[in-house]
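Take a look at the letters that make up each chain.
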Amino acid sequence: MPTAICPGSFDPVTYGHIDIIERTARHFENVVVAVIRNPQKAQALFGLEERQELLHEVTAHLPNVSIRFFKGLLVDFARDCGAEVIVKGLRAISDFDYELQMAQMNQRLSGVDTFFVSTSPQHSFLSSSLVKEVARFGGDVSSMVPPAVAKRLETRYGPEGANP
Ligand code: PNS
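What counts and what doesn't
- Residues numbered from 1 in each chain as written.
- Predicted model: local features only at pLDDT ≥ 70, side-chain atom pairs only at ≥ 80, totals over all residues.
- Heavy atoms only, no water.
- Helix = DSSP H or I, 4+ residues; strand = E, 2+ residues; numbered from the N terminus.
- Rg over C-alpha atoms; globule rule 2.2 N^0.38 Å.
- Buried < 20%, exposed > 50% of the residue type's maximum accessible area, 1.4 Å probe, protein only.
- Contact = heavy atoms within 4.5 Å.
- Areas by Shrake-Rupley, 256 points an atom, 1.4 Å probe, with all protein chains shown as cover.
- Phe/Tyr/Trp six-rings, centres within 6.5 Å; stacked < 30°, edge-to-face > 60°.
- Pairing = 2+ DSSP bridges.
- Axes fitted to C-alpha atoms, helices over the stretch in contact; angles between N-to-C directions.
- Arc of directions from axis to C-beta.
- Disulfide = S-S within 2.5 Å.

A.B. asks: How would you explain the overall build of the protein if you had to name every residue and give the values?
C.D. replies: Secondary structure summary: the protein contains six helices and five strands in total. The C-alpha atoms of the protein give a radius of gyration of 16 Å, which matches the 15 Å a tight globule of 164 residues would have. Seen along its three principal axes, the alpha-carbon backbone of the protein occupies a region of about 50 × 35 × 30 Å. Here the protein holds 164 residues, and 49% of them are scored as buried. Look at the contacts in the protein between residues 6 or more apart in sequence, and 75% of them connect residues 24 or more apart. Carbon and sulfur atoms provide 52% of the accessible area of the protein, an area that totals close to 9100 Å².

Following this line, the structure appears as structure tokens:
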């Protein structure tokens, strides 16, 4: 199987994302981590370059993984990359409705298939939003994100989570 896309906001990348990327990289020749340029979620905490830098750092051990930005429809980007499959992690049933809807829309739009990978149980509660909230109030996120990400969060919010 040649190329798969792992899309997301990655604001910031967590161990949950890395788990999905690593497992996808075992099954596909190439994996494109596709970072959306204009996430629908409220203002991103990290800029594009910062998110890309962190992703580069945490996927450096995976030679078949590349990081790219995209805007517009994911299916158009997938076609540009020559990707046949989109890979998404599923954490819980609460992810399922929306993910299924997107998968079916993407299938209708371009025929691209979405493969779902079940998140490893130790990461199933993780989300970038929650990690940011914990870090913002000075909580310990060291088991949830790689050290480089934890450091950036600390720089952003302060060691005691001082800055709102
Ligand atoms: O990490 P996220 O924020 O859950 O990722 C969501 C993402 C970027 C995968 C999704 O919003 C997306 O694919 N956006 C691109 C726009 C698009 O193609 N919309 C139609 C989806 S059916």
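So, next bit.
A.B. asks: Run through the packing of aromatic side chains, naming residues and quoting values.
C.D. replies: All told, the structure shown has two aromatic pairs when counted by the stated rule. Residues Phe28 and Phe115 carry aromatic rings whose centres are separated by 6.3 Å and whose planes lie at 50 degrees to one another, so their mutual orientation is tilted. Pair noted here: Phe28 is in the loop between α1 (15-25) and β2 (30-36) and Phe115 is in strand β5 (residues 113-118), with a separation of 87 residues, a long-range link. Taking the relative accessible area as the measure of exposure, Phe28 reaches 7% and is therefore buried. Judged by its relative accessible area of 35%, Phe115 is partly exposed. For the ring pair Phe70 and Phe77, a centre distance of 5.4 Å and an interplane angle of 25 degrees mean the geometry is stacked. Among the residues examined, Phe70 registers a relative accessible area of 6% and is labelled buried.

A.B. asks: So what's going on with the sheet that holds strand β4 (residues 85-90)? Which residues, and what values?
C.D. replies: Read across the open sheet, the five strands follow the order β3-β2-β1-β4-β5; overall the sheet is parallel. Single-partner strands in this sheet number two, and they are β3 (65-70) and β5. On average, adjacent strands in this sheet sit at an angle of 30 degrees to one another, irrespective of strand direction. In this structure, strand β1 (residues 3-8) lies alongside β2, joined through six bridges in parallel fashion. Considered in β2, the bridge of Gly8 is made with Val35.

A.B. asks: Explain helix α3 (residues 74-81) residue by residue, including any values.
C.D. replies: Residues of α3 that are buried: Leu74, Val75, Phe77, Ala78 and Cys81. For α3, the angular spread of the buried residues around the axis is 160 degrees, confining them to a single face. Opposite the buried face of α3, by more than 90 degrees, sit the exposed residues Arg79 and Asp80. On the buried face of α3, the contacting elements are β1, β2, β3, β4 and α4 (93-110). Positive phi appears at Gly82, one or two residues downstream of α3, with a value of about 70 degrees.

A.B. asks: Summarise the state of the cysteines; cite the residues concerned and give the values.
C.D. replies: Counted by the stated rule, this structure contains zero disulfides. Looking at Cys6, it has no disulfide partner, and the nearest cysteine sulfur is the one in Cys81, 12 Å off. Looking at Cys81, the relative accessible area reads 16%, which means it is buried.

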